[in-house]
Amino acid sequence: MINKIANKIKLLSHSGSTYHCPYCGYDSKDLEVVGHDLKILKDKQVIGGGRRAAGCYKCHSRDRERLLYAFLIEELKVTDNKNFSILHIAPEPKLSNIFLKSNVKEYICGDLFTKGYDYPSHVKNMNVMDIPYEDDHFDLAICNHVLEHIPEDTKAMKELHRVLKPGGHALLQVPISKNNQETHEDFTITDRNKREELFGQFDHVRIYGQNYVSRLESVGFKVKRINISEKYKKFGLNPDEDIFYCEK
């Protein structure tokens with residue numbers, strides 16, 4: 001009861017008209033501070049990393065989740081396409097719920113199951129480096145902030161490219177350094193604290209540089225960098241975060 005009252009007071013105190021969360025509908029005057037204050041994220045100016053005002057006070061959606069909503073639901077209107085087949089790797093629950101209720105032809109969710117974690121019944125145990133679907137199957141693949149966890153990221157990129165239909169698209173977002181051209185990675189480092197120090201998170205194996213696009217192109221993708229933050233200011237998007245929209 002006390003927690004409910006405290007939460008109600010918090011929502012009232014932050015209510016306003018500057019921002020709007022498309023997931024829960026909450027309107028606020030500011031955004032919740034989220035993320036970690038780590039030196040490496042500051043030094044490399046990692047977009048979407050570090051301590052920042054980016055969260056919804058009500059449902060706790062973050063800027064990168066609302067970016068997906070803005071692009072997929074508002075811009076592309078994917079949920080209106082009854083002929084669409086979608087693969088969603090490590091699906092974000094809020095976005096996933098929208099697709100599950102939509103009219104798309106096929107919506108497949110996959111994640112590599114890890115001991116100690118619970119997964120919704122609609123999520124299949126799936127390794128993105130070995131996707132159990134035939135070539136040219138999906139119209140769209142969504143893989144949001146996953147590749148930075150995978151040492152063999154090009155193998156995962158190739159698999160995502162393989163299962164897309166010709167002309168199909170993939171939305172492949174990652175943490176990316178604003179001021180470094182080269183990707184910073186070292187697979188010999190397995191210590192959790194050292195990984196956090198060097199990559200910004202204990203389970204990350206790299207920080208992508210601006211050469212991320214050439215890595216995607218190396219497996220056959222045609223890449224468009226799109227920025228819609230100005231159009232969707234109300235959603236509280238990160239003005240520096242581009243969408244990596246990849247076509248087979």
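Here goes a summary of the coordinates provided.

Here is what the cut-offs are and how they apply
Sequence positions are assigned chain by chain, starting from 1 and proceeding in written order. Under the rules for a predicted model, residues below a pLDDT of 70 receive no local features and side-chain atom pairs below 80 are neither given nor counted, while totals for whole chains, interfaces and linings still include all residues. Here the side-chain values reflect all heavy atoms present in the structure, with hydrogen atoms and water set aside. Here, a salt bridge means any Lys or Arg side-chain nitrogen found within 4 Å of an Asp or Glu carboxyl oxygen. For helices the rule is a DSSP run of H or I covering at least 4 residues; for strands it is a run of E covering at least 2, with both sets numbered from the N terminus onward. Relative accessible area decides the class of each residue, using a 1.4 Å probe on protein chains only: under 20% of the type maximum gives buried, over 50% gives exposed, and in between gives partly exposed. Two strands are said to pair when DSSP picks up at least two bridges between them. Axis definition: a line fit to C-alpha positions, over the contact stretch in the case of helices; interaxial angles, taken between N-to-C directions, run 0 to 180 degrees. Contacts: residue pairs with any heavy atoms within 4.5 Å of one another.

Points about the pattern of salt bridges
Under the definition given, this model contains 16 salt bridges. Put simply, Asp242 and Arg225 hold a salt bridge, and the shortest N to O gap is 3.0 Å. On the criterion of sequence distance, the pair formed by Asp242 in the loop between β14 (222-226) and β15 (243-247) and Arg225 in strand β14 is long-range, its members being 17 residues apart. For Asp242, a relative accessible area of 19% translates into the label buried. With a relative accessible area of 37%, Arg225 lands in the partly exposed category.

So, the sheet that holds strand β10 (residues 164-173)
Across the sheet, which stays open at both edges, the seven strands sit in the order β8-β7-β6-β9-β10-β15-β14 with mixed pairing between neighbours. Where the open sheet ends on each side, the last strands, each with one partner, are β8 (123-125) and β14. Here the average twist between neighbouring strands, direction ignored, is 25 degrees. With five bridges joining them, β14 and β15 adopt antiparallel strand pairing. Note on β15: the bridge partner recorded for Lys224 is Tyr245. Strand contacts of helix α3 (residues 63-75): β9 (138-144), β10, β14 and β15, with the helix running at about 160 degrees to β9, the strand carrying the most contacts.

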